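Here are the chains, one letter per residue:
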Amino acid sequence: MPTKTTDSTITRGRAPAPPKRQGKARLKPAGLGWILPAFVLSVGVIYFCIGYSGLLSTQENRGGTSGGTFIGADNYTNALTNPLFWGAIKHTVVFFVLVSIVQISMGIVFAAMLHSKVRLAVVYKVIIFLPVVIAPAIMSPVHRRVFATDGPLNWILEHIGLEALSQSWLAQTSTSLLVVIGVQIWSSIGFAFILFYASMGQIEPEIIEAARIDGASNLRVLWSLVIPSTRGTIFALLVLNVISSLKLFDYPYLLTRGGPVYTSDFLGTYIHREAVALTNLGYAAALAMLLLVLAIGASILTNLRARER
Amino acid sequence: MTRTRRFLIGAAASVALIAGGLTACGDTGGSKSEDVEGKTTINWWGFAPDTTVGQSYIEAFEKANPDIHVVYKNFENTDYAPALRPALQSDEGPDIFEISAGGNVAGIQLWTDYITDLTSTAEEALGADWRDKFAPGYIDQLTVQETGELAALPLGGVGAQMFWYNKTLLDSLGLEPPEDYDEWKDQCKTINDAGFTCMAMGAGGDMTFGTELLRTVTSSVDTEYWVKALKGEASWEDPIFYEGVEILRNMIKDGIIAEDAIGVQQYPEANNVFMSGQAAYVQMGTWYTQYGGREAQIVAAKAAGVADPDPFVMMPMLTPNLGGTKPGMVAEVEWGFAVNPKSKHMDAAKKFASWFTTTTEGQEVILHYLDIGLPALAGLAPDWDTIDLVDPSIQVDAYKEMYAAAGETAETRQLHLSQETSNALVVAVQEALATNNSPEDIAKKVQAAAVPRP
Amino acid sequence: MFETRSRLSQFILQVLITIMVIPFVVPLYTMIAGSFQGEGLGNYQAVLQVPKLAYFFRNSAFIALVTIAIVYVVTMMAAFGFSKLRIRRREVFFWMMMAALTLPEVVLLAPLFQMASGVGLYNTFWAVIIPIAALQVPFTVLLTRTYVDGIPDDLFEAARIDGAGTVRMFWNVLIPLSKPMAVAVVVLVLINAWNSYLLPLVFLIDPDYQVVTLLPQYFQGQYNDDQTKVMAGALLTALPEIIAYISLQKYFERGMAAGALK
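Residues numbered from 1 in each chain as written. Chains lettered and ligands numbered in written order. Predicted model: local features only at pLDDT ≥ 70, side-chain atom pairs only at ≥ 80, totals over all residues. Heavy atoms only, no water.

## Some words on the side chain of Thr92(A)
Stage number 1. Within the secondary structure, Thr92(A) sits in helix H4 (residues 83-114).
Stage number 2. Residues in contact with Thr92(A), not counting those within four places in the same chain, are Ser245(A), Leu246(A) and Phe266(A). (Helix = DSSP H or I, 4+ residues; strand = E, 2+ residues; numbered from the N terminus. Contact = heavy atoms within 4.5 Å.)

## Points about the interface of chain C and chain A
By a frequent convention, interface size equals the accessible area lost on bringing the separate parts together.
Stage number 1. Residue-level contacts link 86 residues of chain C with 91 residues of chain A.
Stage number 2. On inspection of chain C and its partner chain A, the count reaches one salt bridge.
Stage number 3. Close ionic contact of Glu253(C) with Lys125(A) constitutes a salt bridge, the shortest N to O distance being 3.2 Å.
Stage number 4. Per-element tally for the side of chain C that touches chain A: the top contributor is helix H1 (residues 7-35) of chain C, with 17 residues.
Stage number 5. Among the residues making up the side of chain C that touches chain A, the classes are represented as 61 nonpolar, 17 polar and eight charged. (Salt bridge = Lys/Arg side-chain N within 4 Å of Asp/Glu carboxyl O. Nonpolar A, V, L, I, M, F, W, Y, C, P; charged D, E, K, R; others polar.)

## Details of the packing of helix H2 (residues 32-56) of chain A against helix H4 (residues 90-99) of chain C
Stage number 1. At their nearest, the axes of H2(A) and H4(C) sit 9 Å apart, and the two run at 35 degrees to each other. Where H2(A) crosses over H4(C), the two elements pack in a sense that is left-handed. Residue-level contacts link Leu32(A), Ile35(A), Ala38(A), Phe39(A), Ser42(A), Val43(A) and Tyr47(A) of H2(A) to Phe93(C), Met96(C), Met97(C) and Ala99(C) of H4(C).
Stage number 2. Per-class residue counts for the contact of H2(A) with H4(C) are ten nonpolar, one polar and no charged. (Axes fitted to C-alpha atoms, helices over the stretch in contact; angles between N-to-C directions. Left-handed = near helix turned anticlockwise from the far one by under 90°.)

## Brief notes about a nonpolar patch on the surface
Stage number 1. Together, Leu8(C), Phe11(C), Ile12(C), Val15(C), Ile19(C) and Ile22(C) make up an exposed nonpolar region whose accessible area comes to about 590 Å².
Stage number 2. Turning to its location among the elements, Ile22(C) is positioned in helix H1. (Patch = residues over 30% accessible without salt bridge, like charges linked within 9 Å, V, L, I, M, F, W, Y side chains within 5 Å. Areas by Shrake-Rupley, 256 points an atom, 1.4 Å probe, with all protein chains shown as cover.)

## Looking at the confidence of the model for chain A
It should be kept in mind that the predicted coordinates are not to be read in detail where pLDDT is low.
Stage number 1. When pLDDT is averaged along chain A, the result is 86, and 90% of the positions lie at 70 or above.
Stage number 2. Considering only residues more than four positions removed or in separate chains, one finds that residues 1-26 of chain A, a stretch of pLDDT under 50, has 21 contacts. (pLDDT = per-residue confidence, 0-100.)

## Description of the nonpolar core
A general tendency of soluble globular proteins is for nonpolar side chains to be buried together.
Stage number 1. Residues Trp111(B), Trp184(B) and Tyr288(B) are the most contacted members of the largest nonpolar core, which totals 349 residues.
Stage number 2. Of the residues forming this core, the biggest block, 17 residues, is contributed by helix H8 (residues 176-200) of chain A.
Stage number 3. In terms of domain composition, this core takes at least three residues from each of domain 2 (40-157 + 334-386) and domain 3 (160-330 + 395-449) of chain B.
Stage number 4. Aside from chain neighbours lying at most four places away, what touches Tyr288(B) is Trp164(B), Tyr267(B), Asn271(B), Phe274(B), Met275(B), Val282(B) and Met314(B). (Core = buried A, V, L, I, M, F, W, Y, C linked by side-chain atoms within 4.5 Å. Buried < 20%, exposed > 50% of the residue type's maximum accessible area, 1.4 Å probe, protein only. Domains from an automatic or database assignment.)

## Side note on the environment of Val71(B)
Residue and element names in this part refer to chain B.
Stage number 1. Position of valine 71 among the secondary structure elements: in strand S2 (residues 68-74).
Stage number 2. Accessibility expressed as a relative area gives 13% for valine 71, which makes it buried.
Stage number 3. For valine 71 and threonine 41, which are 30 residues apart along the polypeptide, the C-alpha to C-alpha distance reads 7.3 Å.

## With respect to the packing of aromatic side chains
Stage number 1. Under the criterion given, the structure shown has 63 aromatic pairs over all chains.
Stage number 2. When the ring of Phe163(B) is compared with that of Trp184(B), the centres are 5.3 Å apart and the planes differ by 85 degrees; the resulting orientation is edge-to-face. Linking Phe163(B) in strand S5 (residues 162-166) with Trp184(B) in helix H8 (residues 181-193), this pair joins segments that are 21 residues apart in sequence. Trp184(B) matches Phe163(B) in its accessibility class, with the two residues each being buried.
Stage number 3. Ring geometry for Phe274(B) versus Phe312(B): centroids 5.6 Å apart, planes at 90 degrees, classification edge-to-face. Remark: Phe312(B) occurs in the loop between helix H13 (294-303) and strand S8 (314-318) and Phe274(B) occurs in helix H12 (residues 266-275); sequence separation between them is 38 residues. Phe312(B) shares its class with Phe274(B); the two are buried.
Stage number 4. Its end group placed over the ring of Tyr55(C), Lys52(C) keeps NZ or CZ at 5.6 Å from the ring centre. (Phe/Tyr/Trp six-rings, centres within 6.5 Å; stacked < 30°, edge-to-face > 60°. Lys NZ or Arg CZ within 6 Å of the ring centre and 35° of its normal.)

## A word on the environment of Tyr225(B)
All names here are of chain B.
Stage number 1. Position of tyrosine 225 relative to the elements: it lies in helix H10 (residues 225-231).
Stage number 2. Setting aside residues up to four positions removed in sequence, tyrosine 225 forms contacts with Thr218, Ala234, Ser235, Trp236, Asp238, Ile240 and Phe241.
Stage number 3. At a separation of 2.7 Å, a polar atom in the side chain of tyrosine 225 contacts the main-chain carbonyl oxygen of serine 235. (Polar contact = N/O pair within 3.5 Å; in protein donor to acceptor, adjacent residues only side chain to side chain.)

## Observations regarding the pattern of salt bridges
Oppositely charged side chains can form a pair if their charged atoms are brought close together.
Residue and element names in this part refer to chain B.
Stage number 1. Overall, the coordinates contain 19 salt bridges over all chains when judged by the stated rule.
Stage number 2. Residue lysine 133 pairs with aspartate 129 through a salt bridge whose shortest N-O separation is 3.7 Å.
Stage number 3. What makes lysine 133 partly exposed here is its relative accessible area of 35%.
Stage number 4. With a shortest N-O distance of 2.9 Å, glutamate 431 and lysine 445 are connected by a salt bridge. Of this pair, glutamate 431 sits in helix H17 (residues 419-434) while lysine 445 sits in helix H18 (residues 439-449), placing them 14 residues apart in sequence.
Stage number 5. For glutamate 431, a relative accessible area of 3% corresponds to the buried category.

## Examining the state of the cysteines
Residue and element names in this part refer to chain B.
Stage number 1. Under the defined criterion, the tally for this structure stands at one disulfide over all chains.
Stage number 2. For cysteine 188, the disulfide goes to cysteine 198, at an S-S distance of 2.0 Å. Taking the sign of the S-S torsion, -55 degrees for the link of cysteine 188 and cysteine 198, the bridge is left-handed. Placement of the pair is cysteine 188 in helix H8 and cysteine 198 in strand S6 (residues 197-200), with a sequence separation of ten residues. Here the two residues cysteine 188 and cysteine 198 agree in accessibility, since each one is buried. (Disulfide = S-S within 2.5 Å.)

## Looking at unusual backbone geometry
Stage number 1. Along the chain, Ala48(B) connects to Pro49(B) via a cis peptide bond; the corresponding omega equals -5 degrees.
Stage number 2. The topology assignment puts Pro49(B) in the loop between strand S1 (40-46) and helix H2 (51-64).
Stage number 3. A cis geometry characterises the amide bond from Tyr267(B) onward to Pro268(B), with omega recorded as 0 degrees.
Stage number 4. Relative to the helices and strands, Pro268(B) is located in helix H12.
Stage number 5. Positive phi values are uncommon outside glycine, yet Arg89(C) reaches one of about 55 degrees.
Stage number 6. By the element assignment, Arg89(C) lies in the loop between helix H3 (53-84) and H4.

Right under this line is the structure:
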């Protein structure tokens, strides 16, 4: 039984020359009520937090009961002129680029391999995805052990003839960022894998078969057929990586505390240090607002670039 | 329209339903720890002692005060302040919490808005001259300078700026603890050649153990300088500090500490290396006395991953002459019990705080576990006969000497250390050990970031 | 995907993938080995003797279940709305939700505390469940919306011609058709709810409200840190999650395939 709402929609939809964008929607019932619970829940909670942080960011606030004092945009100018802020941004960019490249390419390779004839495929799938399941807080002491000077990584390097590469990974300003990147890759390939595995399952087998009959090699099929058909997944991962790189906290905090000498510092660890260790709540809030602007800006940018193509 | 509205009502109702179910479940499921038959229950939050030791404290207390039930919640150092601050702002915070003299874990400066003045409690327990009954300095260290309120009653103190050595290992290599830097350097070569670590050191992370080593070597250049710099009476851009940084760097070059010290944390890693018998020396304070006992050491070694540990003789060592002189120890109140002004069981909370800190009975409980070490009440000492040391014939005298040195010193550990200075010094140590930046550069950054605490 | 006609190439593929998963296995192996050092099985016994251990698991399970229920309901509704119903400026709403993905948890603590204590939810499970759900919903909506987009409009149209209203379309068409998605949502939310640390630490102060991620703290004090038991505890707490994942693995894969971001 059509409802009044739908009726009125139809009437309105019949108005002369409806705008193109509404064309498809004219028969549909109103949906605002349906998205409202999700919208209220996430937007309500998070935007309250954003508003609160925005207010806090204009204060000098040391966390006492007396509250803060208004200092205008000082926290922002201090942040933007602080080399630690730009250092964190630089690490974020390096992190985003390296993690995305390795995570996406390895995700594709694993997905393609496991769509082929492999024995015990389910075991490999579980092993690859387990790092996504286990909490960083649980895994990080283990990773510290793996990267220790006398840990398994150096042991392996020494036993496959790469002694020259064996080093104190966590102790050097030159390698601490690499450790964080490596661990993040370890823990996020599984997620990329599962998405690629899923989207590769959507490719019609006939298309691949046809390409093979035309004499295309395995790599050729992967490059010209499979990868293009997973473009949506690649794009989605890039957007998610932009966001997760900007708000990265767990692994740099748990593995290196952003050190030594801030060489693996990220906005997340920077904010945490200011908010928790230094109880500089106003400044931390200003950093968080900058992070928000960057994350939204970067997501929109990635989104626009993807549409251009 | 009506449809939409009906739907909205439905959606709201379903959310409310889930909410109702949840609340109901929460009520039946979470039997709050309020109701132990007829007893007053108080909650105690702390960053120390360990949960099991804390439980032993509670057992002793409840035995002497059967009408009070205590629940202890232990936090990791870095989690303590972030969890405690909102709890104290709420009406459901703990009745008892811990405050220390400085630093960013529990330093008194973080909690001045949330304390109850305990002056009258102390006076009731110890009489008008109560101040004199505590070890010197402890009361001042737990008093809010601006208002004169006593924020917490001191439980005990710790001494630091000292080392521990594995006597069993040194004996097997025919070595004696060093008198000065060159002797230490020479014997570290012997120790390293024998396949052991000379000094287990973890300067990584945001803990202040690396800073304490820098302080130790700087104080070997000039014993007065460090506290002056913390208070802002001396600049960090000072030749004494430069020399301290140089000595610290040399310790790596000369094989006294391992090259990867900055990638290692004192806990658990460096601690495990020493406890498992792989290192000759470690920089730790009086709290390490607890591992001098046979049983405690076996537990610690197993925790470090040794399957079948063989206890070694653990001995304290005062700082050798590393830069011109021998600095003494530093000591201060370790922490005290503070009472939440919003506590609904104020009397029981005050009773708990004062029993441990002002009665001999309570102090003996603390001393028995040795994880604090120095008693808060003057004139008490651990009863060494009741502690099962590995080799009492030499350990007891050495421990007594260490306690005496810690009791004599007037120099504090963290009292004048602000959060900002603490953070700046942690980074300075990282720069000293992981970069080639000049000591002048390093000092300049510390000077810019530090906030003096007079 | 890769064609392996000969036995040799099949063998090479097998060897290659085995070598490639070694880096995944090393930390997992290190963790298991670490949990048996020192006292061996005694580490596990020590963990099992932690007082009120059952509470840790019960509370985590409760938080996870309720969060999953809430996220599932609001996600399905929102995906239906975004994908099949008429909403003006839908992309604006959609991206406003996506922006909620960007804030790090540590920033949320102070405002969430104000919010929670303002409405009397501090020290209740709600104070943890609502923020976790709020942080998860944007992503699950993103995933599910793509999935619902893939369900032909004709199915809904047919239902409508049969006289179904919006609510019945939702129940009779969308919910049955999106079962694979349900598993994906369950797994993703379970991981995040079970692993949450900071929120329970700060907002659940009652000793009976502890969650599994706080278990390792029991073995880490100020002046000691028993990594062998920390790892044993870590393994035990990760176990339910791992078992849940392995048993749902097949359906999870299917769900992700269904919601695949093409």
